[in-house]
Every structure is written in C-alpha cells, then in structure tokens.
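One letter stands for each residue in the lines below.
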Amino acid sequence: PTPLKMSTTEQNTSLGKTFLNMSTWKQAILIAVAPFALIWVYKRALTLRCIDPTNIGARYASGILKSYSFDDTEFFSSDGAPAEIAAIRKAGFEKLGERFKMKTGGQMERIEAELADGLSDIQFTDTNRV
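So, a few notes on the structure that sits alongside this text. (Residues numbered from 1 in each chain as written. Predicted model: local features only at pLDDT ≥ 70, side-chain atom pairs only at ≥ 80, totals over all residues. Heavy atoms only, no water.)

Scanning the chain from terminus to terminus reveals 7 helices and 0 strands. Its helices and strands in sequence order give the chain the pattern α-α-α-α-α-α-α, from N to C terminus. For the chain, with 130 residues in total, the buried portion stands at 4%. (Helix = DSSP H or I, 4+ residues; strand = E, 2+ residues; numbered from the N terminus. Buried < 20%, exposed > 50% of the residue type's maximum accessible area, 1.4 Å probe, protein only.)

To continue, consider the packing of aromatic side chains. If you walk through the whole model with that rule in mind, you get 2 aromatic pairs. Measuring from centroid to centroid gives 5.0 Å for Phe-75 and Phe-76, while their planes differ by 85°, and the two rings are edge-to-face. For Phe-75, a relative accessible area of 46% translates into the label partly exposed. Pairwise contacts between aromatic rings join Phe-75, Phe-76 and Phe-93 into one cluster. (Phe/Tyr/Trp six-rings, centres within 6.5 Å; stacked < 30°, edge-to-face > 60°.)

It is worth spelling out a negative patch on the surface at this point. Taken together, Asp-71, Asp-72, Glu-74, Glu-94 and Glu-98 make up a surface patch of like negative charges. Assignment of secondary structure puts Glu-98 in helix H5 (residues 83-104). (Patch = residues over 30% accessible without salt bridge, like charges linked within 9 Å, V, L, I, M, F, W, Y side chains within 5 Å. Areas by Shrake-Rupley, 256 points an atom, 1.4 Å probe, with all protein chains shown as cover. Salt bridge = Lys/Arg side-chain N within 4 Å of Asp/Glu carboxyl O. Lys, Arg positive; Asp, Glu negative; His and termini not counted. Charge placed at Lys NZ, Arg CZ, Asp CG, Glu CD.)

What follows deals with the side chain of Gln-27. By secondary structure assignment, the location of Gln-27 is in helix H2 (residues 24-50). Here Gln-27 falls in the buried class, since its relative accessible area comes to 17%. Leaving out residues up to four positions away in the same chain, Gln-27 has contacts with Phe-19, Leu-20 and Met-22. (Contact = heavy atoms within 4.5 Å.)

According to the stated counting rule, one finds 1 salt bridge in the structure shown. The closest approach of N and O atoms between Asp-79 and Arg-89, which form a salt bridge, is 3.0 Å. Linking Asp-79 in the loop between helix H4 (72-75) and H5 with Arg-89 in helix H5, this pair joins segments that are 10 residues apart in sequence. A relative accessible area of 34% means that Arg-89 is categorised as partly exposed.

Quick look at a nonpolar patch on the surface now. Together, Leu-48, Ile-51, Ile-56 and Tyr-60 make up a nonpolar patch on the protein surface, roughly 400 Å² of accessible area in all. Structurally, the position occupied by Tyr-60 is in helix H3 (residues 53-64).

Have a look at this one:
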C-alpha cells in the first residue's frame, strides 16, 4: 500500500524532478524571473513589517464603532451636563480662542491658508479626516 502523504524528501525529489523535466526554455525563464520575484517578495515583506498595526485596526474598528457628530449646542453638553455648565464651557472655549488669536496677532488664519495651498500633506489631512 502506498502512503497518502509524501515525505519531505519525496517532495523535494519530486520538485527537483519537475524542474529537471521542464524544457530548457522554461528553466531559463524560471531562472531569469526568480531573482526579481525574490526581490519583490523581500520588499513587500519589509513594507508589511513597517506598517503600523493601528491603521489596520482603525479600518476594521471604524465599521464596528459608533460614529458621533455634534452641533454647537450638543458639543458642550455631550456628557449630559446641565445647560448652565454647557454655557460656562462654551464661554471658556470662546475665551480660549480669543486669547489664541490675540497671542498670534490674528495671523494663524493667514498662515494656515498659505500653508494649505502649498503643502500637499495639509491638503491631504484636511480632506481625509477620520
């Protein structure tokens, strides 16, 4: 009775026989293409190794997690705070914005507009918000 599974040595010899039984031009093509294929596999493995797993996880999680969007009135009371607390938060946020404008002399809007026109990274992040 013949075994259903071939041993590793039998597989290696059968692969060698397959290569040796190929025609010469097929062997030449295989030998010529093999280094390029190995380089491509090596580069692909390096690329996959460098990918941050957070990005991959975020793609899958975005379909599972609930998305939230708030208007101005809901934002400051999103945790269920009473209207008085929401008003205090809104006033503090606006005061902080005014202080920031005073510190920068109102130039941040101009600088941001100039940078957004010239830097592709800023254009990319402005259009692809998560």
